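Descriptive structure summary
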Amino acid sequence: MIEPASPADEDRRLAALRALRILDTPSEERFDRITRTARRMFGVPIALITLVDGDRQWFKSCQGLGVNETARSISFCGHAILNDAPMVVADAAADPRFHDNPLVTGDPNIRFYAGCPLKSPDGAKLGTLCLIGREPRTFSTEEVVALQDLAAWAEGELSQVRLGETQLALIQERDEFKRRAMIDALTQVWNRGTIIEILKAEVARAARQSHALSVAMVDCDRFKEINDTQGHAAGDAVLRELAQRFRGAIRAYDAVGRYGGEEFLVVLPDCTSPPARALSERLREGVAGAAFEAGKGKLAVTVSVGVATMDRGAVATAEDLVAAADDALYRAKAAGRNRVETA
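Residues numbered from 1 in each chain as written. Predicted model: local features only at pLDDT ≥ 70, side-chain atom pairs only at ≥ 80, totals over all residues. Heavy atoms only, no water.

1. Examining the nonpolar core
A general tendency of soluble globular proteins is for nonpolar side chains to be buried together. Cut-off, in case you're wondering: Only buried Ala, Val, Leu, Ile, Met, Phe, Trp, Tyr and Cys residues count toward a nonpolar core, and they belong to the same one when joined by side-chain atoms within 4.5 Å. The rule is simple: take the accessible area with a 1.4 Å probe, protein chains only, and divide by the maximum for that residue type; under 20% is buried, over 50% is exposed, in between is partly exposed. What counts as a helix is a DSSP run of H or I of at least four residues, what counts as a strand is a run of E of at least two, and both are numbered from the N terminus. Contacts: residue pairs with any heavy atoms within 4.5 Å of one another.
V218, V238, L242, F246, F264 and V301 are the most contacted members of the largest nonpolar core, which totals 32 residues. Secondary-structure elements contributing two or more residues to this core are β7 (213–220), α9 (223–230), α10 (232–249), β9 (263–269), α11 (273–288), β10 (292–294) and β12 (303–310). Per-element tally for this core: the top contributor is α10, with eight residues. When neighbours within four sequence positions are excluded, F246 is seen to be in contact with V218, V256, F264, L283, V287 and V303. In this structure, L51, A114, L126 and L129 belong to the second largest nonpolar core, which totals 28 residues.

Pasting the structure below:
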């Protein structure tokens, strides 16, 4: 195995990457949409948006792989950022750089790789949009161009900060190791402690600026039955898919966190009760509208939602809002599940 060398502009490259404040942030639908498209377009099992940090490659978006980072020393993307053009490895087992790489000889058993460098506006190579297959494969000129088009889409998203100001402030205040501890490892959304911290900050901002603020407590219906009948691996798959569907339904500056078990808390800044209920209905419909791939087949999954709102000029605490949303959620469950109730 040949470890990737460092680019000549490594210091400038790392400075550009870290200036984005995007490392160790939650998954975002705008990036997941790109990797889902890449996976379908090229018929590969794995598609990633990878950012190459000092000693690791970290995945801002990951389709088909169960980890969110690997060591840079064994990465294919570390090699890909050394050139301007996409790097294509038709058969990793026959390539002297990779034939004995643990990612080739073991999970995820890479045989085919195609990675297009992602550049910052000043030209620094931040990482790649990459495709991974488990069988050798040729890659045509037309496919290379298509991959470059998708990479340009990813570069456009990287150049824009979309998180709300409260979430962005939390990220900027913390170093890399503290940011890692803010993310729920399974679902790649904020964990319980962080989503509560975000809610408290949004409550203070709403009171200070006389804005409305809503929260939605979302619970997966009959989740215990899924675990009991399909196994915990299927339950984990359902939770990951729930988080992904929630990210696709909320606004860019909203925040979603795993509150505990199969419960999620969604924080909706500058949102009065009617649009909060409408957004919560969109969350519910996004889950019920399509079956989940989990366990041995497809599962019908539904959620119940409780919504609570702090009106403009009102005085409330984060605990008040969570308790009110939780009460509304209990009513949604009691009324038959797969429904939204408002406090």
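2. Section: the packing of helix α6 (residues 165–173) against helix α8 (residues 192–209)
Helix packing geometry: the angle between the two helix axes and the distance between the axes. Which entries qualify depends on this criterion: With axes taken as lines fitted to C-alpha atoms, and helix axes fitted only over the stretch in contact, angles between N-to-C directions fall between 0 and 180 degrees. To sort the angles, those under 35 degrees are grouped as roughly parallel, those over 145 as roughly antiparallel, those from 65 to 115 as roughly perpendicular, and the leftovers as oblique. Note: crossing handedness is left-handed where the near helix turns anticlockwise from the far helix by less than a right angle, and right-handed where it turns clockwise. All residues other than Ala, Val, Leu, Ile, Met, Phe, Trp, Tyr, Cys, Pro, Asp, Glu, Lys and Arg, Gly among them, are scored as polar; the first ten of these are nonpolar and the last four charged.
Closest axis-to-axis distance for the α6/α8 pair is 9 Å, and the angle between their directions is 125 degrees. Comparing their axes, α8 and α6 come out oblique. Note that α6 runs across α8; the crossing there is right-handed. The residues of α8 that touch α6, namely those facing E165, T166, Q167 and L170, are T194, E197, I198, A201, E202 and R205. Grouping the constituent residues of the contact of α6 with α8 by class yields three nonpolar, three polar and four charged.

3. Considering unusual backbone geometry
Residue P108 is reached from D107 by a cis peptide bond, and omega for that bond is 5 degrees. Relative to the assigned elements, P108 resides in the loop between α4 (102–105) and β5 (112–119). Positive phi values are uncommon outside glycine, yet R222 reaches one of about 50 degrees. Structurally, the position occupied by R222 is in the loop between β7 and α9.

4. Considering the packing of helix α2 (residues 29–42) against helix α5 (residues 141–158)
Viewed as axis vectors pointing N to C, α2 and α5 meet at an angle of 175 degrees, and their least axial separation amounts to 10 Å. Judged on the interaxial angle alone, α5 and α2 are roughly antiparallel. Contacts from R30, F31, R33, I34, T37, A38, M41 and F42 in α2 reach E143, A146, L147, L150, W153, A154, E157 and L158 in α5. Along the lines of polarity and charge, the residues of the contact of α2 with α5 split into 11 nonpolar, one polar and four charged.

5. Brief notes about the sheet that holds strand β6 (residues 125–133)
Defined as follows: Strand pairing requires that DSSP identify at least two bridges connecting the strands.
Reading across the sheet, the six strands line up as β3-β2-β1-β6-β5-β4 and stay open at both edges, with antiparallel pairing between neighbours. The open sheet has two free edges, formed respectively by β3 (69–71) and β4 (87–89), since each of these has just one partner strand. If you compare each strand with its neighbour and ignore which way they point, the axes differ by 25 degrees on average. Strands in contact with α5 are β1 (46–52), β4, β5 and β6; relative to β5, the strand with the most contacts, it is inclined by about 40 degrees.

6. Some words on the packing of aromatic side chains
Under the convention used in this document: Ring pairs are drawn from Phe, Tyr and Trp, using the six-membered ring of Trp, whenever the two centres fall within 6.5 Å, and their geometry is named by plane angle: stacked under 30 degrees, edge-to-face over 60, tilted for the rest.
Inspection of every chain in the model, using the stated rule, returns five aromatic pairs. For the ring pair F246 and F264, a centre distance of 5.2 Å and an interplane angle of 80 degrees mean the geometry is edge-to-face. Of this pair, F246 sits in helix α10 while F264 sits in strand β9, and the two are 18 residues apart along the sequence. Classification of F264 as buried rests on a relative accessible area of 0%. An aromatic cluster of at least three residues, connected via ring pairs, comprises F42, F112 and F139.

7. Looking at the pairing of strand β2 (residues 56–63)
Within β2, seven of the eight residues are buried, which leaves it mostly tucked inside the rest of the structure. Judged from the six bridges that link them, β1 and β2 form a sheet pairing that is antiparallel. In the strand pairing of β2, V52 is matched with Q57. In this antiparallel pair of consecutive strands, β1 and β2, the connection spans three residues. Relative to β3, β2 is paired through three bridges, and the arrangement is antiparallel. Within the sheet, the bridge partner assigned to R56 lies in β3 and is A71. Where β2 folds back onto β3 in an antiparallel hairpin, the turn is made up of five residues, including G64, whose phi is positive at roughly 90 degrees.

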